[in-house]
Amino acid sequence: MVKSKLLNWMLIISIIGFLFSGILTYGTLILKRCILKDPCPQYWGLSSCVYGFLIFTAILIMTIMAMTKKESIKKLMNGVFYVSIVGILFSAFSVSYQLLSMCPAQGGCTFTLFFPTCFYGLVMYTSTFLLAKSLRKK
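Residues numbered from 1 in each chain as written. Predicted model: local features only at pLDDT ≥ 70, side-chain atom pairs only at ≥ 80, totals over all residues. Heavy atoms only, no water.

Caption draft 1: Inspection of unusual backbone geometry at higher detail. Even without a glycine there, the phi angle at W44 is positive, about 50°. Mapped onto the fold, W44 is located in the loop between strand 1 (42-43) and strand 2 (46-47). (Helix = DSSP H or I, 4+ residues; strand = E, 2+ residues; numbered from the N terminus.)

Caption draft 2: Geometry of the packing of aromatic side chains. Per the counting criterion, the structure on display carries 16 aromatic pairs. Ring centres 5.1 Å apart and planes at 85° place the aromatic pair F81 and Y82 in the edge-to-face group. In textbook terms, an aromatic cluster arises when at least three aromatic residues are bridged by ring pairs, as seen for Y43, W44, Y51, F90, F93 and Y97. In this structure, R136 is placed above the aromatic ring of F81, and the distance from its NZ or CZ to the ring centre is 3.9 Å. (Phe/Tyr/Trp six-rings, centres within 6.5 Å; stacked < 30°, edge-to-face > 60°. Lys NZ or Arg CZ within 6 Å of the ring centre and 35° of its normal.)

Caption draft 3: Highlighting empty space enclosed by the protein. Scanning the entire structure with this criterion turns up 1 cavity of 30 Å³ or more. Volume-wise, the largest cavity comes out at about 210 Å³. Together, 22 residues line the largest cavity, and L24, S48, C49, T117 and C118 are the ones closest to its centre. Those elements that place two or more of their residues in the lining of the largest cavity are helix 1 (2-31), helix 2 (48-67), helix 3 (73-105) and helix 4 (117-137). (1 Å grid on protein atoms, 1.4 Å probe; cavity = no way out; pocket = protein on both sides within 12 Å on 5 of 7 lines; lining within 4 Å. Points joined across faces, edges and corners; volume = space filled by probe spheres on them.)

Caption draft 4: Representation of the environment of K3 within the structure. Note that K3 resides in helix 1. According to the relative accessible area criterion, K3 is partly exposed, its value standing at 30%. Distance from K3 to I73, taken between C-alpha atoms, is 9.7 Å for residues 70 residues apart in sequence. (Buried < 20%, exposed > 50% of the residue type's maximum accessible area, 1.4 Å probe, protein only.)

Caption draft 5: Local environment of the nonpolar core. Ranked by internal contacts, the top residues of the largest apolar core, which has 20 residues, are L7, M10, A66, M77, V80, A132 and L135. With 6 residues, the single largest contributor to this core is helix 4. (Core = buried A, V, L, I, M, F, W, Y, C linked by side-chain atoms within 4.5 Å.)

Caption draft 6: Structural detail: the side chain of T128. On the secondary structure map, T128 appears in helix 4. For T128, a relative accessible area of 0% puts it in the buried group. If near-sequence neighbours (up to four positions away) are discounted, T128 is found in contact with M10, I13, I59, V80 and S84. (Contact = heavy atoms within 4.5 Å.)

Read these as spatial facts, not as claims about activity.
Have a look at this one:
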């Protein structure tokens, strides 16, 4: 029972992250601009939201697989655990880069959603990390 509730939360968070980063990715790749008009770090020619979208896609796929019991839940939650660590490190670096390098160079920044968008990714990655950590033990 507890396991299914935790998996449901994992699914909700991964869908939100997938949609949020997907919309931002659509803006940067198709519309060629940030939909929120916020400063966005670029790595290897792509905005950070593209990488976030790939990370959330992996988390979402593993969560769906765990819910349909196609694979071992513990094995999949190990995958989510480690992918979430990558997401945490990536988004923490991106937030730091935005606040410490990009904003001072631009004379300060204001953010449409109060915080940098990568901060919201950090919160969601941390949530999936904690859920996966709990599910690895069950």
